[in-house]
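So you can see what is in the structure, the chains are spelled out below.
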Amino acid sequence: MAKRLAKQVVFYGALIAIWVILAELKIWPPYVFPTPLGVMESMKAGFADHSFWIAMAVSMKRMLLGYGLAVILGMILGLGVGSSKFLEDTLGSLLVSLQSLPSICWLPLAVLWFGLTEKAILFVVVMGSLLSVTIAMEDGRRQMPKIYSMAGRNLGATKFRLFWHVLLPASLPYILTGLKQGWAFAWRSLISGEMIFVSLGLGQLLMMGRDLNDMNQVIAVMILIVAIGSVVDGLVFATIERRLQHKWGLVTAT
Amino acid sequence: MTPNPALRTPSTDESIPVRPGQWKKPSAACGSPLRTPRNAAVPKVRLSDISLNYKTNDGSRLLALDKINLQVKAGEFLCIVGPSGCGKSTLLHLVAGFHTPSSGNLMVDDKPVAGPGTDRILIFQELGLFPWLTVGQNVEFGMKMKAIPKAERKERIQQYLRLVHLSKFKDSYVHQLSGGMRQRVALARALATEPDVLLMDEPFAALDAQTRDLLHDELERIWEETGSTIIFVTHNVREAVRLGDRVALMTFRPGRVRKEYSIDLPRPRHLEDVSVAKCAREILDDLREEINKSLEEEYGQATR
């Protein structure tokens with residue numbers, strides 16, 4: 001663990017050192033290639049005038065709403081697709097092929113349907129993660145050991161209660177990967193969606209940097225987006241995963 | 001449709017009818033007349049001419065069970081033995097309602113069986129305990145599905161965990177328990193729904209000898225305390241004789257009931273009892289023929 005941390009410190013230290021050297025060589029003008037110091041100052045300024053805080057709050061709110069909606073819809077869809085061979089062969093194959101569509105492709109449609117509104121962004125976020133959540137649910141149910149479903153039915157669970165009390169918890173370790181992937185897709189879709197109009201989110205902050213020719217801000221916001229993404233992945237999902245594995249005894253595998 | 005009554009009712013006369021034209025002279029060790037069953041009137045479980053075939057991967061049909069006739073009385077402990085691949089697990093799954101017979105009748109309490117039901121609880125070979133629930137919640141599960149009020153559920157969790165000596169482990173997770181303890185959780189979970197019939201599929205096969213001995217004693221005690229009807233599948237003849245009121249021997253593919261033996265040995269029994277060994281020996285001789293048949297088929301196919 002400590003060794004891994006040390007490796008990472010050295011790696012990132014070296015990366016910043018190279019950046020500093022390249023910037024000091026002044027091969028490119030600063031509005032094309034910013035210095036680490038300039039980015040840090042832009043970051044500080046952004047937090048100081050609250051614009052970064054507001055953007056983060058607005059983006060996170062959209063994320064929670066959009067992703068939450070996607071998970072609920074994905075569950076229902078996954079349940080439906082998984083429950084019948086017919087739906088699996090028809091709707092299931094459509095969902096898989098739709099997944100090859102980058103989520104930003106939904107934006108023109110969303111703008112025409114909802115205008116330049118909050119709803120349009122939410123729509124893109126939902127469409128971005130819905131499919132991977134649905135497919136994850138379906139996969140989870142397929143990978144889940146059949147014995148749980150048999151034991152559940154044996155003990156008198158039927159239909160919805162079988163799903164809620166047995167199938168869902170039994171497939172949780174398998175769908176967690178999909179939920180994680182869904183979150184990552186939602187995050188990307190959200191930032192792209194926010195770039196389109198004055199939306200107050202992180203994506204718009206990024207575009208604002210471009211409009212003002214402020215490369216420092218562009219890089220600062222990009223770092224922020226990456227940081228939030230990995231904090232959620234590394235803290236929230238990793239914690240859920242660890243607790244789940246602990247509870248299931250997957251760590252001390254038997 | 002109606003089963004031949006002379007065929008299946010364990011008779012009180014000298015011999016036990018098995019199949020038409022095949023009569024077995026009972027031995028002194030285990031063939032004496034059955035003790036009076038607890039409720040002789042209606043068989044708890046009745047299988048009449050049950051056959052089951054299914055499609056194999058290469059498209060041909062395999063006859064897994066062939067005209068099985070079996071009756072289990074209320075409160076009886078029936079053991080089914082047979083070589084591996086004889087369909088004894090399939091038979092149990094069928095009684096549990098997970099398979100539909102291709103032909104024949106399966107009646108529980110004189111009512112035809114359609115799908116799984118909480119009157120028949122199957123303890124799977126792999127147990128199928130829920131790892132996301134605690135021991136107590138596992139035991140509670142079936143009662144929750146039956147919408148039994150919370151207060152009563154709580155009481156019964158205590159009661160059945162006490163019965164299997166696991167009261168202290170109510171809040172543990174399944175992976176924290178040993179193999180023998182998991183078996184007992186599965187038993188408590190099954191019993192807590194108060195089923196009429198308990199179906200057990202080689203439940204003790206994966207356990208070490210000491211744990212298994214202990215669980216035999218406990219199962220016998222619990223069976224006597226609860227008065228439940230048990231159908232117990234095993235490949236271990238001694239175990240079958242140790243536990244059963246009656247042992248049914250199944251043939252290798254297709255699965256038929258080759259013979260039934262009533263085990264009239266006093267309880268509590270022990271695996272090491274000479275009488276148990278003697279009785280097991282007799283059944284084993286018959287079983288060996290079936291095992292040889294299965295080996296022949298396997299090796300015959302392998303060398304061909």
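Only a predicted model underlies this, so the values are computations on that prediction, with no experimental measurement involved.

### So, the overall build of chain B
Stage number 1. Scanning chain B from terminus to terminus reveals eight helices and twelve strands.
Stage number 2. With 304 residues in all, chain B has 42% of them scored as buried.
Stage number 3. Considering only contacts in chain B between residues 6 or more positions apart, those separated by 24 or more positions represent 71%.

### Topic: the interface of chain A and chain B
Stage number 1. Listed per partner, the contact involves 16 residues of chain A and 20 residues of chain B.
Stage number 2. If you list the elements that add at least two residues to the side of chain A that touches chain B, you get α7 (146-154), α8 (159-194) and α10 (215-248) of chain A.
Stage number 3. Of the residues forming the side of chain A that touches chain B, the biggest block, six residues, is contributed by α7(A).
Stage number 4. Class assignment of the residues belonging to the side of chain A that touches chain B gives a composition of eight nonpolar, five polar and three charged.

### Concerning the sheet that holds strand β11 (residues 246-250) of chain B
Residue and element names in this part refer to chain B.
Stage number 1. Taken in spatial order, the six strands make up an open sheet running β8-β9-β10-β5-β11-β12, and their pairing is mixed. The two strands at the open ends of the sheet, each matched to only one other strand, are β8 (120-123) and β12 (257-262). Neighbour-to-neighbour, the strand axes of this sheet turn through a mean angle of 15°, independent of strand direction.
Stage number 2. Looking at chain direction, strand β9 (residues 197-201) and strand β10 (residues 229-233) are connected through five bridges and run parallel. Paired with L198 across the bridge in β10 is I230.

### A closer look at the nonpolar core
Stage number 1. Counting residues in hydrophobic clusters, the biggest one holds 88 residues, and the most contacted among them are B:A188, B:L199, B:I231, B:V247 and B:I283.
Stage number 2. For this core, the leading source of residues is helix α5 (residues 179-192) of chain B, giving seven residues.
Stage number 3. Excluding residues that lie within four positions of it along the chain, B:A188 makes contacts with B:V139, B:Y160, B:L161, B:L163, B:V164 and B:L166.
Stage number 4. Core analysis: the next-biggest nonpolar cluster, separate from the first, contains 43 residues, A:F123, A:V124, A:L202 and A:V221 among them.

### Examining the pairing of strand β6 (residues 103-108) of chain B
Residue and element names in this part refer to chain B.
Stage number 1. In the sheet, β6 pairs with strand β7 (residues 111-112) via two bridges, with the strands oriented antiparallel. Residue pairing across strands places V108 opposite K111, the latter belonging to β7.
Stage number 2. Connecting β6 to the next strand, β7, in antiparallel fashion are two residues, including D109 with a positive phi near 55°.

### Re the environment of A:I191
Residue and element names in this part refer to chain A.
Stage number 1. For I191, the location among the structural elements is in helix α8.
Stage number 2. Separated by 66 residues in the primary sequence, I191 and V125 place their C-alpha atoms 9.1 Å from one another.
Stage number 3. Setting aside residues up to four positions removed in sequence, I191 forms contacts with L202, G203 and I225.

### Considering the packing of helix α4 (residues 85-98) of chain A against helix α6 (residues 118-143) of chain A
All names here are of chain A.
Stage number 1. In contact at an axis separation of 10 Å, α4 and α6 are set at 135° when each is read in the N-to-C sense. Here α4 is positioned oblique relative to α6, judged by the angle of their axes. Between α4 and α6 the crossing geometry is left-handed. Touching G92, L95, V96 and L98 of α4 are L131, T134, I135 and E138, all from α6.
Stage number 2. Considering only residue class, the contact of α4 with α6 consists of five nonpolar, two polar and one charged.

### A closer look at unusual backbone geometry
All names here are of chain B.
Stage number 1. At H165, a residue that is not glycine, the phi angle is positive and equals roughly 60°.
Stage number 2. Looking at the element boundaries, H165 is found in the loop between α4 (150-163) and α5.
Stage number 3. Classification of H165 by C-beta neighbours within 10 Å gives partly exposed; the count is 13.
Stage number 4. Its identity is not glycine, yet E194 carries a phi of approximately 50°, on the positive side.
Stage number 5. For E194, a count of 17 C-beta atoms within 10 Å puts it in the partly exposed group.

### Here's the deal with helix α2 (residues 36-48) of chain A
Residues and elements named next belong to chain A.
Stage number 1. In this model α2 runs 18 Å from its N-terminal to its C-terminal C-alpha over 13 residues, within 8% of the 18 Å that 1.5 Å per residue would give.
Stage number 2. Turning to α2, its buried residues are V39, S42 and G46. The arc enclosing the buried residues of α2, seen along the axis, measures out at 60°, which places them on a common side. Along α2, exposed side chains directed more than 90 degrees from the buried face belong to L37, K44 and A48.
Stage number 3. Just downstream of α2, H50 is the residue with a positive phi angle, here 70°.

Cut-off values and rules
- Residues numbered from 1 in each chain as written.
- Chains lettered and ligands numbered in written order.
- Predicted model: local features only at pLDDT ≥ 70, side-chain atom pairs only at ≥ 80, totals over all residues.
- Helix = DSSP H or I, 4+ residues; strand = E, 2+ residues; numbered from the N terminus.
- Buried ≥ 20, exposed ≤ 12 C-beta atoms within 10 Å, placed from the backbone.
- Contact = placed C-beta atoms within 7 Å.
- Nonpolar A, V, L, I, M, F, W, Y, C, P; charged D, E, K, R; others polar.
- Pairing = 2+ DSSP bridges.
- Axes fitted to C-alpha atoms, helices over the stretch in contact; angles between N-to-C directions.
- Core = buried A, V, L, I, M, F, W, Y, C linked by C-beta atoms within 7 Å.
- Parallel < 35°, antiparallel > 145°, perpendicular 65-115°, else oblique.
- Left-handed = near helix turned anticlockwise from the far one by under 90°.
- Expected span 1.5 Å × (residues − 1).
- Arc of directions from axis to C-beta.

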